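For reference, the chains in residue letters:
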Amino acid sequence: MAAAAAAGAGGAGGGASAALGDGGAIDYSVHEAWNEATNVYLLVVLASLALLVYARRNKRRIMRIFTLPPAAETPPEPNFYDSMKKIRLRQQLEMYSIARKYEQQQQQPPKQTESVQLSVE
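Residues numbered from 1 in each chain as written. Predicted model: local features only at pLDDT ≥ 70, side-chain atom pairs only at ≥ 80, totals over all residues. Heavy atoms only, no water.

K.L.:
Would you take a moment to explain the overall build of the protein for this structure?
P.N.:
Tallying secondary structure elements over the protein gives four helices and zero strands in all. Listing the helices and strands of the protein from first to last along the sequence gives α-α-α-α. Here the protein holds 121 residues, and 1% of them are scored as buried. (Helix = DSSP H or I, 4+ residues; strand = E, 2+ residues; numbered from the N terminus. Buried < 20%, exposed > 50% of the residue type's maximum accessible area, 1.4 Å probe, protein only.)

If you want it as C-alpha cells, here you go:
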C-alpha cells in the first residue's frame, strides 16, 4: 500500500508536474499573445504620435480639407450676369466713343485740299 500510496503520490506528483508542464505551455502561449498584443499597441501608439506631429505641422493643409471654399457658397449665376453687364457696358462705351468721333468729324469744316494746277506750255 505504501508503494501504491507512493505511486499515487508519485502519480499525483507526476500529474502535478505534467500539469505544470502544460501550465508552462499555456503560460508560454499567454506570454506570446501578450507580447504580440503589446507590439500591436506599441505600433498604434507610435502611429498616433506620428499623426499628431503631422497634424501640428500641417494644420492649415488639413483645415483646408474641411472648410468650404468661399466661391462654392455663392451661386455661379451672379458671376455670369455680372460679366454680361460688364460686356454690355464695354459695348456701350465703344459705341459712344465711335459716335463722338463721328460727330466731331461732322462738325469740323472740311479741310481744303491743296490743288496743284499744271499749266501746259
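Still more ground to cover, so stick around.
K.L.:
Just to check I follow, could you spell out the pattern of salt bridges for this structure?
P.N.:
As a working rule, side chains carrying opposite charge can pair if their charged atoms are close by. Considering all chains together, one arrives at one salt bridge under this definition. The closest approach of N and O atoms between Arg-100 and Glu-103, which form a salt bridge, is 3.5 Å. Of the two residues, Arg-100 and Glu-103 both sit in helix H4 (residues 76–107), three residues apart, roughly one turn of that helix. With a relative accessible area of 38%, Arg-100 lands in the partly exposed category. (Salt bridge = Lys/Arg side-chain N within 4 Å of Asp/Glu carboxyl O.)

K.L.:
Just checking my understanding: could you explain the confidence of the model for the protein for this structure?
P.N.:
Parts of the model with low pLDDT should not have their predicted coordinates read in detail. When pLDDT is averaged across the protein, the result is 75; 64% of the residues are at 70 or more. Looking at the elements of the protein, mean pLDDT is at its lowest for helix H3 (residues 70–73), recorded as 58, and at its highest for H4, recorded as 87. Below pLDDT 50 for its whole length, residues 1–20 participates in five contacts with residues either more than four positions away or in separate chains. (pLDDT = per-residue confidence, 0-100. Contact = heavy atoms within 4.5 Å.)

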